[in-house]
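Next come the chains, spelled out residue by residue.
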Amino acid sequence: MMENKSKTQSNVKKRTVVITGANFGLGFESTKQFVFHNYREWDVLMACRDETKVKAAADQLREEFKEKQLKHHISQEASFDIHFIPIDLSSLASIRSFATKLKEKLEKQEIPPLGALICNAGVQNTNIYYTKDGYESTFGVNHIGHFLLTNLLLPLFDVQNYDDNRIVIVSSDLHNPEEKKRMPPPQLKSVKEMAFPNIEEEGEIAMTRYCTSKLCNVLFTYELSSRLQQHPLYKGKITVNAFNPGLMPGTGLARDYNKMLQFIWFNVGPKLNHFFPKRFRSAAVSGSQLTSLITDKELKGVTSKYYDGDTEKPSSTESYDKKKQFDLFEDSKELVKLSDVNEFIV
C-alpha cells in the first residue's frame, strides 16, 4: 500500500477504483486523472504484476502532484491515496488471489468501498505465447483474465450503499472491420478454439488474434450489462461500458515488436498525435476520456454502450449478436470453472 493521508479528507465518503495495468500507458494516465482531479472522491488501487514498477509510478505521481500544488496554489494538506495488490492476468490462480486479497482489505476497511473497475491491461503479441493455464495469451489475457476478474469482483461492489457503480472494459476500434483500419477482421470461434488454437493449421496470425480479443471485450460488455440489469441485486446499480482509446503510439502494446518497430512506436509515433489527431491519440487524452466514464455524473445509469474516446457510437454489427454474446459468456464461464455460487452470481 502506498498512501498520502490527508486530514482534510477524513469525513469525505471516498470509494476505490481498481485499474488493471495502471503503472504504464493508458492505465497510468487514467490513474493520474484520478489522482490530480478526483482525489477527494476516489482512491486508486493499481492492479499490476510488478510492484517495483508500481512504486516507481506512484513516486512519479507524488512528484507531479507536488508540482501541481505549488503551481496552482493547492492546499499542502491535499493528497491522494494509492493502493496496490499484485495480479497476473495470465494466471487464473493469481486473479483469484487478487480477488481474495481485495475482499480482505474491503472487509477490514483498509480501503474505501469498491465503486469502479477499469479493465485496461492488455497484450498485442507478434509471436505465439501461452498463459500459465495453457491458453493462447492474447485471448487469455485480453478476454479470459478480465472476464474472471470482473465476475469475481462483482460481489465486492457496495451496492447496498451506492447505486452508481461502474465497470469499463477497454476494447479497440480494431474489433470492427467496418471501420476499415486495414487490419484483419476478427475471427470469432468457440472459446476452446480461441484458447487452444491449432497453430499448425492457422499459422501465426497475431493481429487477427488481437482484433478478435477486442471483439470479445465488446461482446462481454453487452452480455454482462444485460445480465446485471436482470439481476435483482444489481439492476440499476452497476453499469458496464466499452471504451476505444484509439491508436496511442508510445504505450506498452509494442513491447513484443521487433527493435525497429519499437523505435518507431516509442519515438516517432507520439509526434504524429499533433499532425493527425483524428487517427492518433495521446495516452493522456485517452486516459482523461477513460476516467470520465467513471467520474462523469451525467453518465449515471448509462450502460451497454461503446465509447470511441468521449463519443458514444455503434460498435461492430457482429458485436450485437445476442447468441454470440451469450455463448462467449457461458463458454468462458465453463473454461475458468466459475461454477461455485460464491464466485459467480449473475
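Residues numbered from 1 in each chain as written. Predicted model: local features only at pLDDT ≥ 70, side-chain atom pairs only at ≥ 80, totals over all residues. Heavy atoms only, no water.

(A) Structural detail: the packing of aromatic side chains. With the rule as written, the count across this model stands at nine aromatic pairs. Ring centres of F34 and W42 lie 6.0 Å apart, and the angle between their planes is 70°; on these two criteria the pair is classed as edge-to-face. Classification of F34 by relative accessible area gives buried; the value is 1%. Their ring planes at 40° and their centres at 5.9 Å tell us that F220 and F329 sit as a pair that is tilted. (Phe/Tyr/Trp six-rings, centres within 6.5 Å; stacked < 30°, edge-to-face > 60°. Buried < 20%, exposed > 50% of the residue type's maximum accessible area, 1.4 Å probe, protein only.)

(B) Region of interest: the packing of helix 4 (residues 137-153) against helix 10 (residues 322-335). Relative to each other, helix 4 and helix 10 sit at 85°, their axes nearing to 10 Å. The pairing of helix 4 with helix 10 is recorded here as roughly perpendicular in orientation. Across the interface between the two elements, H143, I144, F147 and N151 from helix 4 touch L328, F329, S332, K333 and L335 from helix 10. Residues of the contact of helix 4 with helix 10, tallied by class, amount to five nonpolar, three polar and one charged. (Axes fitted to C-alpha atoms, helices over the stretch in contact; angles between N-to-C directions. Helix = DSSP H or I, 4+ residues; strand = E, 2+ residues; numbered from the N terminus. Parallel < 35°, antiparallel > 145°, perpendicular 65-115°, else oblique. Contact = heavy atoms within 4.5 Å. Nonpolar A, V, L, I, M, F, W, Y, C, P; charged D, E, K, R; others polar.)

(C) Molecular detail of helix 3 (residues 92-107). Here helix 3 contains 16 residues, and its C-alpha end-to-end distance of 23 Å stays within 8% of the 22 Å for a straight helix at 1.5 Å per residue. Buried residues in helix 3 make contact with strand 2 (15-20), strand 3 (42-48), strand 4 (81-86), strand 5 (114-119) and helix 4. Just past helix 3, the residue Q109 takes up positive phi, approximately 60°. (Expected span 1.5 Å × (residues − 1).)

(D) Region of the structure containing the pattern of salt bridges. Per the stated rule, a full pass over the model turns up 19 salt bridges. Here D81 ties to K14 by a salt bridge, and the two come within 3.5 Å at their closest N and O atoms. Highlighted residues: D81 in strand 4 and K14 in the loop between strand 1 (2-3) and strand 2, separated in sequence by 67 residues. Summarising the burial analysis for this pair, D81 and K14 share the class buried. Between E51 and K55 there is a salt bridge, with its nearest N and O atoms 3.8 Å apart. Placement of both E51 and K55 in helix 2 (residues 51-72) is noted, with a separation of four residues, approximately one turn of the helix. (Salt bridge = Lys/Arg side-chain N within 4 Å of Asp/Glu carboxyl O.)

Worth remembering: the numbers are spatial, not functional.
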